[in-house]
Amino acid sequence: FEHLSYSRRQLWDTAQDNRLIEDILFLHEDIQVYTPDHLYIGPAYLIPPQEEIPDGTSFLCCGPAPFIIEGTPRFNLIVVEEDVPMYVLFNQLQQIVTKYNHWQRELESALQTNASLQEFVDFSTEIIGWPIALIDIAQSTLAISDFDESDDPIWIDLKNGYIRTS
């Protein structure tokens, strides 16, 4: 969610890794059961009490946070404290989902066509947001991002095809 362009955000993230979110639902007063396979978006005042939120459930909300989370949270919560219309937040979220869905299709296509490691690195670098280098056990470069803006000696070695060990 670093792609959301709001300056005042609070983020609480669980220690649980890689929870798959199946879809996006709007928060409303009539929701009886919350589940971790949805991302709930809406005004922060609609977030249920903490004890009613199942582990791993995710929320993206606008407005002041309804409570303070102390310790390691059991659920994911991003609160955009600025007054943002919900449709704007939803549309930005949809753009993020579309971007990652496109990347997933690229990955699947690359797997099906036995693409090279370099091809995987090339279309993944932008999504990951950092230069990528794949090296083998002998520290030889197998694939590397097209990134020349570094004076880091290890990156220069990787661009040259190997890491010097002496």
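First things first, this report covers the structure right here in the doc. (Residues numbered from 1 in each chain as written. Predicted model: local features only at pLDDT ≥ 70, side-chain atom pairs only at ≥ 80, totals over all residues. Heavy atoms only, no water.)

Some points on the overall build of the protein chain
A count of helices and strands for the protein chain gives three helices and seven strands. Listing the helices and strands of the protein chain from first to last along the sequence gives β-β-β-β-β-α-α-β-β-α. Long-range contacts, defined as pairs at least 24 residues apart, comprise 36% of the intrachain contacts of the protein chain with a sequence gap of at least 6. Per element, the accessible surface of the protein chain, about 10,800 Å² overall, is 52% carbon and sulfur. (Helix = DSSP H or I, 4+ residues; strand = E, 2+ residues; numbered from the N terminus. Contact = heavy atoms within 4.5 Å. Areas by Shrake-Rupley, 256 points an atom, 1.4 Å probe, with all protein chains shown as cover.)

Structural notes on the packing of aromatic side chains
Geometry of an aromatic ring pair is reported as the spacing of the ring centres plus the angle between the planes. Per the counting criterion, the structure on display carries eight aromatic pairs. A ring pair is formed by Tyr34 and Phe59, whose centres lie 5.8 Å apart and whose planes are at 50°; its orientation type is tilted. Of this pair, Tyr34 sits in the loop between strand E2 (23-26) and strand E3 (38-43) while Phe59 is found in strand E4 (residues 58-62), placing the two residues 25 residues apart along the sequence. Through successive ring pairs, a cluster of aromatic residues spans Tyr34, Tyr40, Phe59 and Phe75. (Phe/Tyr/Trp six-rings, centres within 6.5 Å; stacked < 30°, edge-to-face > 60°.)

Here we look at the environment of Val97
Here Val97 lies in helix H1 (residues 86-112). Look at Val97 and you get partly exposed, because its relative accessible area is 28%. (Buried < 20%, exposed > 50% of the residue type's maximum accessible area, 1.4 Å probe, protein only.)

Looking at the pattern of salt bridges
Within this structure, the stated rule accounts for three salt bridges. Here Asp148 ties to Lys159 by a salt bridge, and the two come within 3.2 Å at their closest N and O atoms. Remark: Lys159 occurs in helix H3 (residues 153-159) and Asp148 occurs in the loop between strand E7 (141-144) and H3; sequence separation between them is 11 residues. (Salt bridge = Lys/Arg side-chain N within 4 Å of Asp/Glu carboxyl O.)

Details of the packing of H1 against helix H2 (residues 117-128)
Running from amino to carboxyl end, H1 crosses H2 at an angle of 165°, the nearest separation of the two axes being 11 Å. It follows from the interaxial angle that H1 and H2 lie roughly antiparallel. Relative to H2, H1 is oriented so that their crossing is left-handed. The segment H1 lies against H2, with Lys99, Tyr100, Trp103, Glu106, Leu107, Ala110 and Leu111 engaging Phe120, Phe123, Ser124, Ile127 and Ile128. (Axes fitted to C-alpha atoms, helices over the stretch in contact; angles between N-to-C directions. Parallel < 35°, antiparallel > 145°, perpendicular 65-115°, else oblique. Left-handed = near helix turned anticlockwise from the far one by under 90°.)

Structural notes on unusual backbone geometry
For residues other than glycine, phi is negative in most cases, and the peptide bonds are mostly trans. Although it is not a glycine, Asn114 sits at a positive phi angle of roughly 55°. As for its placement among the helices and strands, Asn114 is situated in the loop between H1 and H2. Even without being glycine, Gln139 reaches a positive phi, approximately 65°. Along the chain, the position of Gln139 falls in the loop between strand E6 (133-135) and E7.

Read these as spatial facts, not as claims about activity.
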